[in-house]
Amino acid sequence: MESRTIEQFQGKTILITGATGFLAKILVEKILRVQPNVKKLYLLIRASNNNSARQRFTNEVVMSGLFNVTREKMGTIYLSSLVEDKVLPISGDISKKNMGIKNSQLREHMFKEIDIIINSAATTNFDERYDIAMNINVIGAKNVLKFAKSCKKVKTLLHVSTAYVCGKTTGILSEKSFVMGETLNKNSYLDMDKERSIIASKFKELRAQNATPKELTIAMKELGLQRASLHGWQNTYAFTKAMGEVVLGHLKENLQIVIIRPTVITSTYKEPFPGWIEGVKTVDSFILAYGKGVLNFYYGDPNSKFDAIPGDMVVNTILAAVLAHENQYSEEVVIYHSSSSLNNPLKLSDLMLYTFHYFTKNPWGNKDGKTIK
Ligand SMILES: NC(=O)c1ccc[n+]([C@@H]2O[C@H](COP(=O)([O-])OP(=O)(O)OC[C@H]3O[C@@H](n4cnc5c(N)ncnc54)[C@H](OP(=O)(O)O)[C@@H]3O)[C@@H](O)[C@H]2O)c1
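Residues take numbers from 1 onward in each chain, read along the sequence in its written order. Owing to the predicted nature of the model, reporting of local features is limited to residues with pLDDT of at least 70; listing and counting of side-chain atom pairs is limited to 80 or more, with chain, interface and lining totals taken over all residues. In computing side-chain values, all of the structure's heavy atoms are included and hydrogens and water are not.

Chemist: Hey, could you run me through the nonpolar core in this one?
Modeler: In summary, soluble globular proteins display a tendency toward joint burial of nonpolar side chains. Core analysis: the largest hydrophobic core is formed by 44 residues, its most contacted members being Ile16 and Leu41. Numbered from the N terminus, helices here are DSSP runs of H or I no shorter than four residues, and strands are runs of E no shorter than two. With eight residues, the top contributor of residues to this core is helix α2 (residues 22–34). Apart from residues lying up to four places away in sequence, Leu41 is in contact with Ile14, Ile16, Val28, Ile31, Leu32, Lys86, Val87 and Leu88. Residues Ile90, Ile94, Leu106 and Ile114 belong to the second largest nonpolar core, which totals 28 residues. Think of a nonpolar core as a cluster: buried Ala, Val, Leu, Ile, Met, Phe, Trp, Tyr and Cys residues, connected wherever their side-chain atoms sit within 4.5 Å. Exposure categories follow from relative accessible area, calculated using a 1.4 Å probe and restricted to protein chains: below 20% of the type maximum is buried, above 50% is exposed, and the middle band is partly exposed. Contacts were defined at the residue level, with two residues in contact if any of their heavy atoms lie within 4.5 Å.

Chemist: Could you clarify how one ought to interpret the packing of aromatic side chains in this entry?
Modeler: To describe a pair of aromatic rings, one takes the distance between the centres and the angle between the planes. Only rings of Phe, Tyr and Trp enter the pairing, Trp through its six-membered ring, and a pair is recorded when the two centres are within 6.5 Å. The plane angle decides the type: under 30 degrees is stacked, over 60 is edge-to-face, the rest tilted. Going through the model one piece at a time under the given rule, you end up with 11 aromatic pairs. Here the aromatic rings of Trp233 and Phe239 are separated by 5.4 Å at their centres, their planes lie at 35°, and the arrangement is tilted. There is no split in this pair, since Trp233 and Phe239 are both buried. What links up through ring pairs into an aromatic cluster is the set Tyr130, Phe178, Trp233 and Phe239.

Chemist: Help me out: how do you make sense of the sheet that holds strand β9 (residues 334–338) in this one?
Modeler: Backbone hydrogen bonds hold the strands of a sheet together, and the pairing may be parallel or antiparallel. The parallel open sheet is built from seven strands, whose spatial order is β3-β2-β1-β4-β5-β6-β9. Across the chains shown, the open sheet's two edge strands, defined by having one partner strand only, are β3 (87–91) and β9. In this sheet, neighbouring strand axes are inclined to one another by 20° on average, regardless of whether the strands run parallel or antiparallel. Strand pairing follows a simple DSSP-based rule, namely that at least 2 bridges must link the two strands. Pairing between strand β4 (residues 116–119) and strand β5 (residues 156–160): three bridges, direction parallel. Paired with Asn119 across the strands is His159, a residue of β5. Note on geometry: axes are C-alpha line fits, over the in-contact stretch for helices, and angles between N-to-C directions span 0 to 180 degrees. Across the face of the sheet, helix α7 (residues 130–150) comes into contact with β1 (13–17), β4, β5 and β6 (256–262) while running at roughly 175° to β4.

Chemist: Any chance you could explain the site of the ligand here in plain terms?
Modeler: The environment of the ligand is made up of 25 residues, and the closest members are Thr20, Arg56, Asp93, Tyr237 and Lys281. Arg56 is positioned with one of its side-chain polar atoms (N or O) 2.6 Å from an oxygen atom of the ligand. Backbone polar atom of Ser120 to an oxygen atom of the ligand: 3.2 Å apart, as the coordinates give it. Here, Shrake-Rupley sampling with a 1.4 Å probe gives the accessible areas, and only protein chains in the shown set may cover a residue. The protein chains hide 89% of the 900 Å² of surface that the ligand would expose on its own. Contributing elements (two or more residues each) for the shell around the ligand: α2, α10 (236–251) and β7 (264–266). In this text, near means that some heavy atom of the residue lies within 4 Å of the molecule or strand in question. Here a polar contact is recorded for every N or O atom pair within 3.5 Å, except that within protein the pair must consist of a potential hydrogen donor and a potential acceptor, and residues adjacent in sequence are included only if both atoms are side-chain atoms.

Chemist: How do you make sense of a positive patch on the surface when you look at a structure like this?
Modeler: Two joining distances apply to patches: 9 Å for like charges and 5 Å for nonpolar side chains (Val, Leu, Ile, Met, Phe, Trp, Tyr), and every residue must have over 30% relative accessible area and no salt bridge. Think of a salt bridge as a Lys or Arg side-chain nitrogen and an Asp or Glu carboxyl oxygen that are within 4 Å of each other. Charge assignment: positive for Lys and Arg, negative for Asp and Glu; neither His nor the chain ends contribute. Note on charges: their place is set at NZ of Lys, CZ of Arg, CG of Asp or CD of Glu. A cluster of basic residues, Lys97, Lys142, Lys146 and Arg196, forms a positive patch at the surface. Counting through the fold element by element, Lys142 comes out in helix α7.

Chemist: Teacher, can you tell me more about the UniProt feature "domain: Thioester reductase (TE)" (unreviewed entry) in the protein chain here?
Modeler: When the UniProt feature table is mapped to this numbering, "domain: Thioester reductase (TE)" (unreviewed entry) covers residues 16–318. Across residues 16–318, helical content stands at 47% and strand content at 12%; the span's end C-alpha atoms are separated by 12 Å. UniProt positions are given in the numbering used here, feature names are shortened, and annotations may be inferred rather than shown by experiment.

Chemist: Can you help me understand α10 in this one?
Modeler: Residues separated by three or four positions in an α-helix point in the same direction, a consequence of the helix having 3.6 residues per turn. Helix length check: α10, at 16 residues, gives a terminal C-alpha distance of 22 Å against a target of 22 Å (1.5 Å per residue), a fit within 8%. Of all 16 residues making up α10, 13 are buried, and the element is well covered by its neighbours. Measuring from the side-chain oxygen of the N-cap residue of α10 to the backbone nitrogen of Tyr237 gives 3.2 Å; that N-cap residue is Asn235. Count one or two residues on from α10 and you reach Glu253, which has phi positive near 50°. Multiplying one less than the number of residues by 1.5 Å gives the expected span of a helix.

Chemist: Is there a simple way to explain unusual backbone geometry in this structure?
Modeler: Among all residues except glycine, the phi angle is most often negative; among peptide bonds, the trans geometry is most common. A cis amide bond, omega -5°, links Glu271 with the succeeding residue Pro272. If you trace the backbone, Pro272 turns up in the loop between β7 and α11 (283–291). We note that Asn210 has phi near 50°; this positive angle belongs to a residue other than glycine.

Chemist: Looking at this structure, how should I read the environment of Lys40?
Modeler: Here Lys40 is to be found in strand β2 (residues 40–45). Look at Lys40 and you get buried, because its relative accessible area is 17%. Spatially, the C-alpha atoms of Lys40 and Val87 are 6.0 Å apart, while their sequence positions differ by 47 residues. Those residues in contact with Lys40, other than ones at most four positions away along the chain, are Lys12, Thr13, Ile14, Lys86, Leu88, His109 and Glu113. Side chain to side chain, Lys40 and Glu113 meet in a polar contact 3.2 Å long.

Next up, the structure:
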């Protein structure tokens, strides 16, 4: 991303949700490294109070290897004072009213000060309990929107969604928003109030049966998958992310909504250094299992394309989109897919070869210190 572009963030106050997550960590690091003259970063973090939110930010974000480049180049003291000066971790929860920010004075201050909001918070479990996924990915998106509307200076809300809201549709997918009621299964109509009442009825039924917490979890997970499948989505995650998009489009009024839909986000390509990744979530779980010698084969069409996009490229897309649309109001929800397979396709057979070559050169050892072939 051109430094000329990032300069436009100078003096801006940005609210970011999901900063303890994989993607928004890369976003926060990039802003602090490339534009330390940002006015302030409010980070909404799940914690019991603001001190615990700061503690989480320090332990899980600043102390992570992602900040090594800044730490090594500028020194630990510089990084600590930059964080102290610019970053304000706030305890909150997007699934709650006012995003769980209880202090009304702080809220009022945020309403006056914030210029840009980036919502990256989500539950990313594919088979999440339906009630939880609904509360975070749908009601949560609505709560962030409501908060954004109260912010005097905010013109754009950037929301991170997923390319998988498009389901199993094949071919080139247009960057088109959903309309209210639309589903991927053309025979059904999506009524979100009905979905919420189905969740409430299920709870009632389970309580009447004295269901154990484990039974409740299983039943709610099953319900999510059932409802997703009924309306044509492959899992509860993609289904609720799609509903989140619908809610934003429906209730946006005069706010500009920009939605970024990444495919599978993988390790960084260049920034702050190549190969940073955290957690084991998507394709990395296959690579890990292969490296450990647990996964020896995998069924698939070697010619099919696997769409992956490095985390730093998604972050650049987010920043560029915020700036491009800051002063350009559009009635329509603006959607950008952040993906690779059209211009830089990665075939499954390539993925297999790269993984094979990597582990042949850099084999892992097992518990007894023996090389895994
Ligand atoms: N990773 C991918 O491959 C991928 C691909 C496409 C799209 N996306 C989208 O990109 C965004 C970021 O994904 P990610 O990979 O960074 O996910 P992640 O690592 O699972 O992080 C999710 C973040 O959201 C926060 N969060 C969850 N529920 C919340 C709530 N109720 N209130 C406030 N914060 C909450 C989590 O906080 P805690 O730390 O407290 O749990 C965490 O910081 C998501 O919107 C996701 O749908 C991801």
